[in-house]
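Observations on chain architecture
The chain contents come next:
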Amino acid sequence: MNGWVELRIPALSQNESFARMVVAFFALQAGDWSVAELNEIKTAVSEAVTNAIIHAYEDNLDTGDIVVQGQATPGTLEVTITDFGRGIADIVRAREPLFTTKAHEERSGLGFTVMENFMDELTVTSSPRQGTSIRMVKYLNLTTVQ
Amino acid sequence: MNGWVELRIPALSQNESFARMVVAFFALQAGDWSVAELNEIKTAVSEAVTNAIIHAYEDNLDTGDIVVQGQATPGTLEVTITDFGRGIADIVRAREPLFTTKAHEERSGLGFTVMENFMDELTVTSSPRQGTSIRMVKYLNLTTVQ
Amino acid sequence: MGFSTRYRGNILVVSLSGELDHHTADELRQTVEKELDKDIARHILLDLSQLVFMDSSGVGVLLGRYRRILAQGGKMAAYSLHPHLEHLYEVAALSKVIPAFASENLAVNELKKDEGLRR
Amino acid sequence: MGFSTRYRGNILVVSLSGELDHHTADELRQTVEKELDKDIARHILLDLSQLVFMDSSGVGVLLGRYRRILAQGGKMAAYSLHPHLEHLYEVAALSKVIPAFASENLAVNELKKDEGLRR
Ligand SMILES: Nc1ncnc2c1ncn2[C@@H]1O[C@H](COP(=O)(O)OP(=O)(O)O)[C@@H](O)[C@H]1O
Ligand SMILES: Nc1ncnc2c1ncn2[C@@H]1O[C@H](COP(=O)(O)OP(=O)(O)O)[C@@H](O)[C@H]1O
């Protein structure tokens, strides 16, 4: 089944579970994902949405919106998470494992590492003070060879 | 908890269950709705979304979008379902029980009746060829006296 | 949504499960129509114990089957209405045309009631 | 998410359930910190059998507790890792710092291993 969905939510931490739930439900409707794959999708979505809340909007309540877009084809799920916050100055550095600008808040610096490992494609687009867009693609039934 | 959500989906019948599921999940996050109330909310959403698919876009695949907006305060849930389809010429008549323009398709003409009975407020706004917006409000823990 | 059909004498028993809405209505319509075309069923009995959701599109498809069975002199009934359907049953006044009974046997008794007279 | 704490000797056992993310991390952090402030616990043991979701924010809060317990000379372990957490455990290399065991007793044995030497 081909399909798409667009979800707009405020950048509040309780929406982390809401966003991953909606994406998981959308994915299940569109494809025959395994429980393990669904859990990977949920985890990757959680990372991107959490980053928007913490980093893009700096945990301010009453701040910006997050847009979650899902797109499905018979063999793939594409999820894009967009914020309109501070942006990422150095994307290459941000994607490095363990790199975090908020170590004092017990961030592990593993968000991008998880997104990369749990999904099959990851594209980060960002401009300072404009926002960040995280595009992730997962292929159905692709046995991961490592 | 106060909060809002906006969901944009294509007018496809498989999204009827998706839309009511997302609204139910949003409602549950925002308020302590009973199972019976949640089911009423889901049914009302299903009516409005189905109407957009069948009547606004005349069951054409590859047509317009449906926007589902949720807004929650501690005591209320407000859901607005908007389409950009054919519109309703005579709203008063459309809201009459058993009235339907698609009797040959086994429509019961009870969509608006269900929305009215299952929710506490119902507002219909429509302009021909512009679209229709259905706004419904439900109050938490309001024992219905009939 | 899922469903299964079986016969109890001249009664077509349809067990519904899951969610009956506009999206799933067509499948149900076609299945029941196919069974009715076999000319075995005089009545239709719905097992609604596992149907956790129904909206007015579901009402439409049930009434469509009711009209056909009525036209051929039969009746329609239901049993074990799921609690989620109670409010809809009331608002759509479904009890008048598809009365809901507490058990299969009670429903069957009602469907067979007038038949004895003609035997 | 939910959790309960209990002591098994000098081991603080924390049973987690539900979903551990940025939103729920704070609650866990505060609960464990309050217990550690009581100066009863030398080690921390996590029961992860009912934790069906965790992301890197969860990893952050677990590592935060690990650092404190390590600084006071203790160790941290987990048991009955829910299958949903396996991939994260691997990607975050958590086994190195919070090894996961098949049962509570196996984990306890590991935590107590070096203690016997000092007795
Ligand atoms: N949406 C975003 N907006 C602004 N900065 C971001 C965003 N996402 C990630 N970053 C930056 O990238 C860094 C690395 O992100 P990540 O790997 O998820 O680790 P963590 O969230 O634990 O810091 C963050 O510390 C932050 O500086
Ligand atoms: N979103 C809509 N766009 C256009 N027309 C609509 C819409 N919703 C309802 N209508 C009109 O109102 C009538 C009554 O709607 P309803 O009570 O839901 O019954 P039904 O859907 O069974 O026809 C419909 O038959 C249709 O003509």
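Computed from a prediction, not measured in an experiment: that's the story for all the values here.

Focus: the relation of the copies chain A and chain B
In the superposition of chain A on chain B (RMSD 0.0 Å, axial shift 0.0 Å), the rotation amounts to 180°. Look at the turn and shift together and you get a two-fold axis relating the two. For chain A, the residue whose C-alpha comes nearest the rotation axis is Leu7 of chain A, separated from it by 2.3 Å. Of the residues that chain A buries at the interface, 100% are likewise interface residues in chain B, meaning the two copies contact each other through the same surface.

Remarks on helix H2 (residues 56–71) of chain D
Residue and element names in this part refer to chain D. Look at H2: 22 Å from first C-alpha to last across 16 residues, which is about the 22 Å you get at 1.5 Å a residue. Of all 16 residues in H2, 12 are buried, a share of seventy percent or more. Among the residues of H2, those classed as buried are Ser56, Ser57, Gly58, Val59, Gly60, Val61, Leu62, Leu63, Gly64, Arg65, Tyr66 and Ile69. Capping of H2 at its N-terminal end is provided by Asp55; its side-chain oxygen lies 3.0 Å from the backbone amide nitrogen of Ser57. Residue Gly73 follows H2 closely and has a positive phi angle near 85°.

A word on the interface of chain A and chain B
With 18 residues of chain A at the interface, the matching set in chain B holds 18 residues. Here chain A meets chain B over a buried area of about 1700 Å², counting both sides, of which 69% is carbon and sulfur. Linking chain A to chain B there are 4 residue pairs in polar contact (both at pLDDT 80 or more). Listed by contribution, the elements that provide at least two residues to the side of chain A that touches chain B are strand S1 (3–10) and helix H1 (15–30) of chain A.

Some words on the pattern of salt bridges
Throughout the structure, instances matching the rule amount to 40 salt bridges over all chains. The partner of Lys138 of chain B in a salt bridge is Glu40 of chain B, and the shortest N-O contact between them spans 2.8 Å. Residue Lys138 of chain B is found in strand S5 (residues 131–139), and its partner Glu40 of chain B is found in helix H2 (residues 35–56); the two are separated by 98 residues along the sequence. The buried category is assigned to Lys138 of chain B, whose relative accessible area is 5%. By relative accessible area, Glu40 of chain B is classed as buried at 14%. With a closest N to O distance of 3.9 Å, Glu19 of chain C and Lys42 of chain B form a salt bridge. With Glu19 of chain C in strand S2 (residues 11–20) and Lys42 of chain B in helix H2, this pair bridges two chains. The structure contains a network of salt bridges with shared partners spanning Glu106 of chain A together with Asp26, Arg29, Glu33, Asp37, Arg65 and Arg68 of chain D.

Section: the confidence of the model for chain C
The predicted model of chain C averages 95 in pLDDT, with 97% of residues at 70 or higher. At the level of chain-chain contacts, confidence expressed as ipTM amounts to 0.91, with global pTM at 0.92.

Observations regarding the site of ligand 1
Residue and element names in this part refer to chain A. With respect to spatial proximity, 19 residues lie near ligand 1, and among them Asn51, His55, Thr100, Thr101 and Gly109 are the closest. Contacts to ligand 1 include Gly109, whose backbone N or O atom sits 2.8 Å from an oxygen atom. Gly111 is positioned such that a nitrogen or oxygen atom in its backbone is 3.2 Å from an oxygen atom of ligand 1. Contact with the protein chains removes 97% of the 530 Å² of surface that ligand 1 exposes when unbound. Elements that contribute at least two residues to the shell around ligand 1 include exactly helix H2 (35–56) and helix H4 (111–118). Looking at the shell around ligand 1 element by element, the count peaks at 4 residues for H2. Classifying every residue of the shell around ligand 1 gives 7 nonpolar, 9 polar and 3 charged.

Here's the deal with the interface of chain A and chain D
Counting residues at the interface gives 27 residues for chain A, matched by 22 residues for chain D. A per-residue breakdown of the area chain A buries against chain D is headed by Arg20, Asn39 and Glu106 of chain A, which together make up 29% of the total. For the interface between chain A and chain D, the tally reads 5 salt bridges. Linking chain A to chain D there are 14 residue pairs in polar contact (both at pLDDT 80 or more). Per element, the largest residue contribution to the side of chain A that touches chain D is 10 residues, and it comes from H2 of chain A. Among the residues making up the side of chain A that touches chain D, the classes are represented as 6 nonpolar, 12 polar and 9 charged.

A look at the sheet that holds S2 of chain C
Residue and element names in this part refer to chain C. Here 5 strands make up an open sheet; going across it, the order is S1-S2-S3-S4-S5 and the pairing mixed. At either end of the open sheet lies a strand with only one pairing partner, and these are strand S1 (2–8) and strand S5 (100–101). The sheet contact formed by S1 and S2 spans 7 bridges and is antiparallel. Bridge pairing in S2 links Arg6 to Val13. Contacting S1, S2 and strand S3 (43–54), helix H1 (residues 22–37) runs over the sheet at an angle of about 170° to S2.

Reading the values: rules and limits
- Residues numbered from 1 in each chain as written.
- Chains lettered and ligands numbered in written order.
- Predicted model: local features only at pLDDT ≥ 70, side-chain atom pairs only at ≥ 80, totals over all residues.
- Heavy atoms only, no water.
- Least-squares fit on C-alpha atoms with pLDDT ≥ 70 in both.
- Contact = heavy atoms within 4.5 Å.
- Helix = DSSP H or I, 4+ residues; strand = E, 2+ residues; numbered from the N terminus.
- Expected span 1.5 Å × (residues − 1).
- Buried < 20%, exposed > 50% of the residue type's maximum accessible area, 1.4 Å probe, protein only.
- Polar contact = N/O pair within 3.5 Å; in protein donor to acceptor, adjacent residues only side chain to side chain.
- Buried area = accessible area lost by both parts, 1.4 Å probe.
- Salt bridge = Lys/Arg side-chain N within 4 Å of Asp/Glu carboxyl O.
- pLDDT = per-residue confidence, 0-100.
- Near = heavy atom within 4 Å.
- Areas by Shrake-Rupley, 256 points an atom, 1.4 Å probe, with all protein chains shown as cover.
- Nonpolar A, V, L, I, M, F, W, Y, C, P; charged D, E, K, R; others polar.
- Pairing = 2+ DSSP bridges.
- Axes fitted to C-alpha atoms, helices over the stretch in contact; angles between N-to-C directions.

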